[in-house]
Every structure is written in structure tokens, then in C-alpha cells.
Amino acid sequence: MISSILQNASIVYRSRSDRNLEDNTLRFLSSGEDDNELIYYDVLGTEAHCIMLHEIGILTISELGQILHALLELERNTTLIDLASFEDVHESLEAFVIQQTSLQIGGKMHTARSRNDQVVLDMRMKIRDDINNISTYMLDLIRSLLKKAAENKKTVTLLYTHLQQAQVGTFSHLLLSYVEALFRDLDRLYFLYNRINQCPLGGGAIGGSSIRINRNRTALLLGFRGLVINSIDATSSRDTMCEHVSSLGIIMTTLSRISADLILWSTSEFDYIDISEENSSSSSAMPQKKNPDPLEIIRGKSGLLLGSMISVFSIVKSLPTGYSRDLQEIKPALWEASRSVQDSLQIMKMVIDSIYVHRERMEQVANNSYAISIDIAEQLVIRKRIPFRTAHKIIGALVEKAVRNGNLPLAQLKREQVEEVLHKVKSDLPAKEILQIIIGLTPEVSVCLRASAGSPNPKHQQQMISILNRKASEYETALSNRKRHLRTSLDALRKVVKNHLLASNE
Ligand code: ARG
């Protein structure tokens, strides 16, 4: 069968020459492997195009029926087409239909269409689905983070800058910071969807067609909201794909940061969290090891994704207007990026669901830390109405004293030691009062005193969690509406196909 199709290939596609491509050249040119991802969309696009061709009088009902019959067979069993022997899915699909029908019938399928608008149509349809899948996985991860946050509103922990102990905080606050970043990442995809979900079909090779095709009809049949109207733009532009891969790159950068944090906190040195056995790997040599490999793979994949991003941009940026075959080469990078992000989001959700938080350990480290210093300084500002800079000097000198005395917690300084420090910094504040402030300011008290909006204060945590849960619900509803619209459109297309098939048999 393959050889007979190949025979057709030279007859059908190579009108200028009657010779087939060299095997090596064909292999080099072919996007067959990457087009596996596009077969389904190519079939749908072709169904819609042929229905429209029938509606404008190019295909008779019987011709349409035979073409649709062949396409349905393909939809049921995509292995029927032989991608490797053709330059791409578009050629193999047309060859299959011609073989199943005849050149007289199948040969009409490509009227007013070019592989140039066909490929970009398929890519837009696939990316549209990818965006919806990725958005679903993002919302699942967001919900898991919100759940963990709700369990840890009062879990006191340290916050780090420069990876040095910085301020006392709550664990939920940190998890919510991931949620905020993920929502921005989601939002980028959400709006990109509207730009992707426009139909380029009918752009032809670049300059449209003299046949009066109905572009709005095919767009509607395929569930698009509107057209990429300019035929040059429709076939030449890949900016939305650059935007897509960039958005994915940013998502992976967010996931990479989360991974880096979780990896660090699960070390014996930090020991803030435990990652479940099911989501860790062991060492072939060191029996005691439990390694956070899934998180490391996410972090590693984020590097690969930035590579995909550069690949896509570098290919696109060197091209003049109009389709060039270089554009074929962006497909593997795009598919790989989509796959990586989907896998990583699902793995990250599983890790988050499974982490065990060592609350006592977090609290103990916070209790023994000088990260409380800024809170003490602020209390001096509030209660003693002294300039922050002066308070900063006093507390800095007290920390210095405590460190020199064997890293004493500030609350264990003796009154005389505080007096010595006050004398040294020329402050006339009473040592007793300062000590009282220090002793009263445990990490739990200090987070409850945080008053700025968006702080680790458990009250703020509760507000943020409610707002973010509501936001997740809004996105979930909008997303399911989008998915429903697509499903309904494609179901309707299926019905139109079926009706035409029935009519063609009458
Ligand atoms: N396989 C090509 C791609 O993936 C399809 C378009 C080919 N168009 C052409 N004029 N050679 O981009």
C-alpha cells in the first residue's frame, strides 16, 4: 500500500517534476514524526474545509461523502497514514484520501487551501487544547497549594533573603506567594488563548484564493472565535507561538523556584519538610539517601524549556514575511515545551499534596534566630517614638553583643549587658523596658503584630486564602465554559459530517 501511495505522491504533489525525492532528502525534509501530534487536527480541519467546499458548490454531495468516509476511517485509526514516507501529515492525509477515493474526487480536497494555512491551523488547534490542559493542571496545583496554606496559617517559619535568615513569617504566606505567581502565569495563558483561538484557514499559500470560500463557516465549524483575517498574517506570523513558549518558559521558571525551595527545606540541615517516599528517589550507593529527584527534574526541565524558547525565537526572527520551511522546525520545540509543562505541573501537585511540614522544627529555628530584630526595632519606633535608624543601631548593637556571648538569643541577654550596649550607642532608653519588649516578642506574637497589607499575619493569611480560592473558582468556571464551547463546536462538526454522510448515501 505504501509504495502505491508513494507512487501517487510524485504524481499528486510534484507537478513540476515527475521524480520522487531521494530517500535521504525526504527523511531530512519530513516533519512526519512531529506531525503525529497534528493528525487529529488535520482531519478535523479537512472535514470542515470539505464541508464548506460542498456548500459553495466545489464538491458534490457524493464526492463529499466519499472524502468524509475516508477521513472518518482515519480519525478512527490514525496508523492508517504513513507519515514517514511523506513530507508531512498534510501530504500523507491527502494521499490517503486520494487512494481511498480517486484523484478525481480526493484531488479536489486541496482546492483553495495550502499546506501553509493548513499547518498553522493545526498548530493553533493543538495549542488551544494544550493551553486548556495546562490551565487545568495549573488550577489543580493552585488548589493544592491553597489547601496546604490553609493548614499552615499559623505555622511560624523563617523567611530568607540572600539565603540568610531575614524575617519571621508564616509558612502559608510563602505558599501563597507561589499561588500569586502561578495566577499571573495562568493569566498570561488565559489571554493568549483568545489570540490563538482565531482561524487562519483560507489564508491559502499567502495571498488567499479566487474561489469564493467561506472563511467564517470553517472557523465556526472548528470552534474558533473569529479569523486571522489578513492572509499574509494568517500564514506568516508565529508571534502567538513565541508568546506561548514564553509563557510556558515563565511557568517553568516559577516551578523551578518552588523546586529549589522544597529541595533546600528537605535537607537534613533545614529539615523543615519531608517529601513523601513516593515522590523521592533512592541512591544506588548510599543506603540512607532519599533524594528529591522529581523536583530536580522539574528544575532541570525548566532549563530545557528556556532552550525551546530560544529555538523558537531564533528560527522565527530570521525569516522574511511569507511561509518558509524553517517554520517547520519550531514544532518539536513547542510540543516538547507543552509536554514538559504538563508533566511538571502534575508532579509538582503530587509533591505538594504529599509534603509533611515539621512545624516544631520551623518554630524552634525561628525562636533561636535574630530574624526577630526588625520587629523589635519597629516596636521601639512605635512605643518610644524614636527614629527607625536609631532603633536599628540599638538592636544591631544588641545582636552583636549576643553573638559575642555565644550566640545567645536576644531574650536571654542580661540587664547589665543591655545597659552596656545602650551606653555604647549613647541611648538613654531604659534597659528594662527594652528587655521587656524583646521577651514579649516571640515569633508568634511578632507575626500577629504585622500590620501591612499582604503580610504573614495569620489574619491576612485567611483573607488571602479566601480571595485566592474565589479567584481559582472564577478561572475554573471560565475554563470549563471554554472547554464546553470547544466540545460543543466539535460535536456539532461531527453531526454535520454524519448528516452529510447520510445524505450522500441516499
Ligand atoms: N510540514 C510543513 C510544516 O510543518 C507544512 C507546510 C509546508 N509548506 C510548504 N510550502 N512547504 O511547516
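Note that the structure is predicted; figures quoted are calculated from it, not measured. Chains are numbered independently. Their residues run from 1 in the order of the written sequence. Selection of residues for local features in this predicted model requires a pLDDT of at least 70, selection of side-chain atom pairs for listing and counting requires 80 or more, and totals for whole chains, interfaces and linings are taken over all residues. In computing side-chain properties, one takes all heavy atoms of the structure into account and sets aside hydrogens as well as water.

Asks: Hey, could you run me through the overall build of the protein chain in this one?
Replies: A run of H or I in DSSP counts as a helix once it spans at least four residues, and a run of E counts as a strand once it spans at least two, with each numbered from the N terminus. A tally of regular secondary structure across the protein chain gives 21 helices and four strands. Against the globule reference of 23 Å for 506 residues, the protein chain gives a C-alpha radius of gyration of 31 Å, more extended than a compact globule. For this analysis, residues touch if any pair of their heavy atoms sits within 4.5 Å. Sequence separation of 24 or more characterises 76% of the internal contacts of the protein chain that already satisfy a separation of 6 or more. In this treatment the radius of gyration is a C-alpha quantity, and the globule benchmark scales as 2.2 Å times the residue count to the 0.38 power.

Asks: Which parts of the structure should I look at to understand the pairing of strand S2 (residues 164–170)?
Replies: For two strands to be treated as a pair, DSSP must find no fewer than two bridges joining them. Sheet topology note: the strand S1 (residues 156–161)/S2 ladder contains six bridges and is antiparallel. By the bridge assignment for S2, Val156 is matched with Thr170.

Asks: Help me out: how do you make sense of the site of the ligand in this one?
Replies: If a single non-hydrogen atom of a residue is within 4 Å of a molecule or strand, that residue counts as near it. Taken together, Ser31, Asp88, His90, Arg115, Asn116, Val119, Tyr323, Arg325, Gln328 and Lys331 make up all the residues around the ligand. Here Tyr323 contributes a side-chain N or O atom positioned 2.5 Å from an oxygen atom of the ligand. Identification of polar contacts relies on pairs of N or O atoms within 3.5 Å, with a donor-acceptor requirement for protein atoms, meaning one able to donate a hydrogen and the other able to accept it, and with residues adjacent in sequence counted only if both atoms are side-chain atoms. Contacts to the ligand include Lys331, whose side-chain N or O atom sits 2.4 Å from an oxygen atom. Expressed as a share of its isolated accessible area of 340 Å², the protein-covered part of the ligand is 87%. With three residues, helix H8 (residues 115–151) is the largest single contributor of residues to the shell around the ligand. With residues, only the protein chains shown are counted as cover, and all accessible areas are computed by Shrake-Rupley using a 1.4 Å probe.

Asks: Teacher, can you tell me more about the side chain of His500 here?
Replies: Looking at the element boundaries, His500 is found in helix H21 (residues 458–505). The exposure class of His500 is buried, given its relative accessible area of 14%. In this structure His500 touches Ile51, His54, Ile61, Leu64 and Leu68, once residues within four positions along its chain are discounted. Only protein chains enter the accessibility calculation, which uses a 1.4 Å probe; a residue whose area is less than 20% of its type maximum is buried, one above 50% is exposed, and one in between is partly exposed.

Asks: Explain the side chain of Ser231 here, please?
Replies: With respect to the secondary-structure elements, Ser231 resides in helix H11 (residues 231–236). Not counting the four nearest positions on each side in its chain, Ser231 is found in contact with Gly203, Ile206, Gly207 and Gly208.

Asks: Honestly, the pattern of salt bridges in this entry has me stumped. Any pointers?
Replies: Working definition: two side chains of opposite charge can pair if their charged atoms are close together. Salt bridge, as used here: a side-chain nitrogen of Lys or Arg that lies within 4 Å of a carboxyl oxygen of Asp or Glu. Summed over the entire model, instances satisfying the criterion amount to 24 salt bridges. Residue Lys331 is joined to Asp35 by a salt bridge in which the shortest nitrogen-to-oxygen separation is 2.6 Å. One end of the pair, Lys331, is in helix H14 (residues 330–354); the other, Asp35, is in helix H3 (residues 32–35), and 296 residues separate them in sequence. For the pair Lys331 and Asp35, a shared accessibility class is recorded, and that class is buried. We note a salt bridge from Glu151 to Lys147, for which the minimum N-O separation is 3.9 Å. With Glu151 and Lys147 both in helix H8 and four residues apart, this pair spans about one turn of that helix. Judged by its relative accessible area of 39%, Glu151 falls in the partly exposed class. A network of salt bridges, in which partner residues are shared, links Glu37, Lys126, Asp130, Glu336 and Arg339.

Asks: Would you explain H21 in this entry?
Replies: The periodicity of an α-helix, 3.6 residues per turn, causes residues three or four places apart in sequence to face the same way. Taking 1.5 Å of rise per residue, 48 residues should cover 70 Å, and H21 covers 69 Å from first to last C-alpha, within 8% of that figure. Between a side-chain oxygen at the N-terminus of H21 and the backbone nitrogen of Lys459 the separation is 2.9 Å; the capping residue is Asn457. Expected helix span is given by 1.5 Å per residue-to-residue step, counting one fewer step than there are residues.

Asks: How should I be thinking about the packing of aromatic side chains in this particular structure?
Replies: How two aromatic rings sit relative to each other is given by the distance of their centres and the angle of their planes. Between 30 and 60 degrees the pair is tilted, below 30 it is stacked and above 60 it is edge-to-face, where a pair is any two Phe, Tyr or Trp rings, Trp via its six-membered ring, whose centres lie within 6.5 Å. Tallying each qualifying case throughout the model produces seven aromatic pairs. Taken together, a centroid distance of 5.5 Å and an interplanar angle of 85° make the contact between Tyr190 and Tyr475 edge-to-face. Of the two residues, Tyr190 is situated in helix H9 (residues 171–196) and Tyr475 in helix H21; the sequence distance between them amounts to 285 residues. For the pair Tyr190 and Tyr475, a shared accessibility class is recorded, and that class is buried. Geometrically, the ring pair formed by Phe270 and Tyr272 is edge-to-face, given 5.4 Å between the ring centres and 85° between the ring planes. Per residue, the accessibility class of Phe270 equals that of Tyr272, and both read buried. Over the ring of Trp335 we find Lys126, and its NZ or CZ is 5.0 Å from the ring centre. By definition, being over a ring means that NZ of Lys or CZ of Arg is both within 6 Å of the ring centre and within 35 degrees of the ring normal.

Asks: Any chance you could explain the packing of helix H5 (residues 61–76) against H21 here in plain terms?
Replies: To get an axis, a line is fitted to the C-alpha atoms, and for a helix only the part in contact is used. The angle between two axes follows their N-to-C directions and goes from 0 to 180 degrees. Two numbers describe how H5 lies on H21: the axes approach to 8 Å, and their chain directions differ by 130°. As summarised for this structure, H5 and H21 are arranged oblique, according to the angle between their axes. Classified by chirality, the crossing of H21 by H5 is left-handed. Here Ile61, Ser62, Leu64, Gly65, Leu68, His69, Leu72 and Glu75 of H5 lie close against H21, whose contacting residues are Arg494, Val497, His500, Leu501, Ala503 and Ser504. Of the residues in the contact of H5 with H21, the class split is seven nonpolar, five polar and two charged. Roughly parallel here means an angle under 35 degrees, roughly antiparallel means over 145, roughly perpendicular means 65 to 115, and every remaining angle is called oblique. Each crossing gets its hand from how the near helix is turned against the far one by less than a right angle, where anticlockwise is left-handed and clockwise is right-handed. Classes in brief: Ala, Val, Leu, Ile, Met, Phe, Trp, Tyr, Cys and Pro nonpolar; Asp, Glu, Lys and Arg charged; the others, Gly included, polar.

Asks: Is there a simple way to explain the confidence of the model for the protein chain in this structure?
Replies: Keep in mind that low pLDDT regions are not for reading the predicted coordinates in detail. On average, residues of the protein chain carry a pLDDT of 94, and 95% of them reach 70 or more. Contacts for the low-pLDDT stretch residues 1–6, under 50 throughout, to residues beyond four places or in other chains number eleven contacts. Looking at any residue, its pLDDT shows the predictor's confidence there, from 0 to 100.

Asks: Explain the environment of Leu429 to me, please; I cannot follow it from the model alone.
Replies: Turning to its location among the elements, Leu429 is positioned in the loop between helix H18 (415–424) and helix H19 (431–440). On the basis of relative accessibility, which here comes to 13%, the residue Leu429 falls in the buried class. When the C-alpha atoms of Leu429 and Asn152 are compared, they prove to be 38 Å apart, with 277 residues separating the residues in sequence.

Asks: What is the right way to read the nonpolar core from this model?
Replies: Nonpolar side chains tend toward joint burial in soluble globular proteins. Grouping buried Ala, Val, Leu, Ile, Met, Phe, Trp, Tyr and Cys residues that are joined through side-chain atoms within 4.5 Å yields what is termed a nonpolar core. The biggest cluster of nonpolar side chains holds 141 residues, and the ones touching the most others in it are Leu255, Leu262 and Leu398. Looking at which element gives the most residues to this core, the answer is H8, with 15 residues. Ignoring anything within four residues of it in the chain, the contact list for Leu255 reads Leu141, Leu182, Ile298, Ser344, Leu345 and Met348.

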